[in-house]
Amino acid sequence: MTNPVTFERRGRIGLLRIDNPPVNALSPEVVAGVVQGFAAFEADGSLDALLVHCDGRTFVAGGDIATFDAPDFSTVPINTFLARIEQSRRPVVAVLHGTVLGAGLELAMACHYRVAVPGTRVGQPEVKLGLTPGSLGTQRLPRLAGVPLALDLILSGRMLAIDRALEAGIVDAVRDGAPLDVGLAYAQSLLDARSAPRRTSELKVASEGATDDVFANELADAARKPAYPALGAIVRCVRAAARLPFAEGEQIEAREFEQLRVSPTSRAMRHLFFAERQASKIPGLARDAALRKVESVGVVGAGTMGGGIAMNFVNAGIPVVVVEASDEALQRGLSLVRKNYEASSAKGKLTAEQVAKRMGLLKGSLDYAALAGCDLVIEAVFENMELKRQICARLGQVCKPDAIIATNTSTLDVDVLAEATGRPADVVGMHFFSPANVMRLLEVVRGAKTSPQVLATVMKLAGTIGKVAVVSGVCYGFIGNRMAEVYMREAEFLLMEGAQPQQIDRAVEALGMAMGPCRMLDMAGIDVGAKTVIERGKAGGLPPDPSYRVVVRKLFELGRYGQKTGAGYYRYDGRTPLPDPEVTRICEALAKQDGVARRADISEQEIVERLLYPLINEGTKILEEGIAYRPGDVDIVWVAGYGFPDHRGGPLFMADQIGLKTIAERLAHYAAKRGDRFGYWAASNLLTNLVRQDKPLSDWTPD
Ligand SMILES: NC(=O)c1ccc[n+]([C@@H]2O[C@H](COP(=O)([O-])OP(=O)(O)OC[C@H]3O[C@@H](n4cnc5c(N)ncnc54)[C@H](O)[C@@H]3O)[C@@H](O)[C@H]2O)c1
């Protein structure tokens, strides 16, 4: 392996050059290289200053997170070398470009001067991994930027634009040009001015916004989110920076960081970080496989999903044409998109020009011929097989030869739709989540004949429109809705057995789920949920159990569509859900009709186990059938698409924490307790085998 750090002389300036693509992460090799290069600088008395520069697209964009899992990981080696740099008696300058994040910003702040090129952004995103900064970001940033901005940046993990960073004193200058030229010129100007080293650790933290009340309030806020212990830790570290000598602050940060590093929360969040990167990789497909170009998009259907889908592409500067069945539906769809943008504009998130530009990229048509020039066409018409089949056949004819044809179906067989086009290799599922312009998840459904190139193109495109994409094979509901079906099934059985909607929702919300199943379906629409169940029944896909999903069908029959009609599982006062005795009566009657015994002893533990363990079991079936490539993919689907708490790492990561043996035992317990006529409670082969081998899911790979 070539050394990722080189040291060279440029006149009287020493140049330390880091080249560790893709983002110049501060790996142990880079740290060793920087230490060595710095020693060469120290040994060369003919040099007057040192410039730290990174090749490639960014300055150091973070630490090497993979090393955090090592049992002997320690922040000491990095902190020690940062101290050595800072102690240099000759000026050390960092030239910044790209995204200067985490350990990158910490390295830059240990240098005496920072110059950046326009477009650079800085930040301390460690909180997103459930951590505090570990290399003195909590100590140096308040010294440069003051307590309010340091707290804001470190608690939110957001990136700061370079002009703001300049105003705040995080960087000293912004100069246009190639980063290396900018850095060398700036270092020279410091030498010309005989500027001395200026050590961040020796600065005093400004007293403004650093009162006891400020810290007390921040700690109180953090205490309201006990699932995220990093928040309180960050406040304590920044308070130490403001109140204590640097060396004491350093110890406090090291202690807090170490506690968090080994905590289940940070492990879960790091798991998701890696799972997200892994999800974009398609086994067997080279990273550099040739992709199709996608420079124009067509959307069929301007309903709830079609409009949101179109916005994603327009937001990324890609023109979209939307085709509808009637002018009325088209105008309704387009004006809803406009309203959405105008609402963002009213909140100051978009300028009037941006709204005009985006609407300018959006065209409507009633003629399928308008789709002939599109590189990608996504159908988002009603969830009806016959209709979708007809549309797909038409798209097969209208779309140009190398266009990609995608379907947004939630449950229908993508292979059937692919065949209907007459060109199945061009077809892929693009399952967006509602609201499609907001939700981050995109399930990319790989049909039996989808070409690898089409799959890879859509995965890349997902990144362009800011989505996290997960590949799913074809099955009822794909990864997410197939598991959600099991979850909803159990919620309904619990209701029939005597649990209340609020009791069920409270139990899973206490785990950290954004919303319990009853509130979730009330919001998504009982009609939407019930129609899917009814359609599935018509297609012969429902289990032969008379009590299966009868509650949602009954509520639908009664016109209780959820929030939009003021009643569903709850009744609504505005958007506030209120317990409704009518629902209890409905469930009692259904239980009686289907011979389900009512009981009063349903505990919170039973609710959690009965909602979660069959869902986990279904996830393992999805893995053994090859529907999902990896456990992490299933976790991403649930965190990015269904409000599963990130601090628990997703359902399959959580399964390993609970222990697969416990889960298998509890499934068997409920099978015995409730009876298992339909195999609902049977553990998958994968789960059974892993328990037998005493292995966690994280060790599993497909044969
Ligand atoms: N709503 C959700 O939460 C959600 C989430 C994910 C996926 N989906 C899927 O997205 C698809 C659309 O769902 P939706 O909620 O947007 O439905 P919707 O009823 O809001 O919109 C469907 C639109 O398709 C139009 N349409 C019907 N026939 C057409 C034709 N021949 N040509 C052009 N347009 C036609 C209709 O006029 C309507 O505007 C479905 O397959 C659904 O399963 C929905």
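Shown above is the structure to which this text applies.
**Overview of the nonpolar core**
Piece 1. Core analysis: the largest hydrophobic core is formed by 79 residues, its most contacted members being I479, V551, Y569, L611, L623, W638 and L697.
Piece 2. By residue number, the principal contributor to this core is helix α18 (residues 478-497), which donates 10 residues.
Piece 3. Setting aside chain neighbours within four positions, we find V551 in contact with E492, L495, M496, Y569, C587 and L590.
Piece 4. Of all hydrophobic cores here, the second largest spans 67 residues; its members include L131, A210, A230 and L260.

**Overview of the packing of helix α15 (residues 385-398) against helix α16 (residues 414-421)**
Piece 1. At a minimum axis distance of 7 Å, the contact between α15 and α16 shows a crossing angle of 40°. Classified by the angle their axes make, α15 and α16 are oblique. Along this stretch, α15 crosses α16, giving a crossing that reads as right-handed. Residues M385, K388, R389, C392, A393 and G396 of α15 pack against V416, L417, A420 and T421 of α16.
Piece 2. For the contact of α15 with α16, the class distribution of residues is six nonpolar, two polar and two charged.

**What about unusual backbone geometry?**
Piece 1. A cis geometry characterises the amide bond from P21 onward to P22, with omega recorded as 5°.
Piece 2. Here P22 lies in the loop between β2 (13-18) and α1 (28-43).
Piece 3. The step from S434 to P435 runs through a cis peptide bond, and the omega angle for that step is -10°.
Piece 4. Looking at where P435 falls in the secondary structure, it is placed in the loop between β15 (427-432) and β16 (441-445).

**Thoughts on the state of the cysteines**
Piece 1. Counted under the stated rule, the structure contains zero disulfides.
Piece 2. Between C587, a cysteine without a disulfide, and C518, which holds the nearest cysteine sulfur, the sulfur-to-sulfur distance is 8.6 Å.

**A short note on the environment of E353**
Piece 1. Along the polypeptide, E353 turns up in helix α14 (residues 352-360).
Piece 2. Along the sequence, E353 and A448 sit 95 residues apart, while their C-alpha atoms lie 44 Å from each other.

**Let's talk about the site of the ligand**
Piece 1. Lining the immediate surroundings of the ligand are 24 residues, of which M305, E324, E383, K388 and N408 lie closest.
Piece 2. Taking M305, its main chain carries an N or O atom lying 2.7 Å from an oxygen atom of the ligand.
Piece 3. Note that a nitrogen atom of the ligand is positioned 3.0 Å from one of the side-chain N or O atoms of Y368.
Piece 4. Here the ligand has 830 Å² of accessible area as a free molecule, and 80% of this is covered by the chains.
Piece 5. Where the shell around the ligand is concerned, the elements lending two or more residues are α12 (304-315), α15 and β15.
Piece 6. The greatest single-element share of the shell around the ligand, amounting to three residues, is contributed by α15.
Piece 7. Grouping the constituent residues of the shell around the ligand by class yields 13 nonpolar, eight polar and three charged.

Rules of the game
Residues numbered from 1 in each chain as written. Predicted model: local features only at pLDDT ≥ 70, side-chain atom pairs only at ≥ 80, totals over all residues. Heavy atoms only, no water. Core = buried A, V, L, I, M, F, W, Y, C linked by side-chain atoms within 4.5 Å. Buried < 20%, exposed > 50% of the residue type's maximum accessible area, 1.4 Å probe, protein only. Helix = DSSP H or I, 4+ residues; strand = E, 2+ residues; numbered from the N terminus. Contact = heavy atoms within 4.5 Å. Axes fitted to C-alpha atoms, helices over the stretch in contact; angles between N-to-C directions. Parallel < 35°, antiparallel > 145°, perpendicular 65-115°, else oblique. Left-handed = near helix turned anticlockwise from the far one by under 90°. Nonpolar A, V, L, I, M, F, W, Y, C, P; charged D, E, K, R; others polar. Disulfide = S-S within 2.5 Å. Near = heavy atom within 4 Å. Polar contact = N/O pair within 3.5 Å; in protein donor to acceptor, adjacent residues only side chain to side chain. Areas by Shrake-Rupley, 256 points an atom, 1.4 Å probe, with all protein chains shown as cover.

Interpretation in functional terms is not warranted from these geometric data alone.
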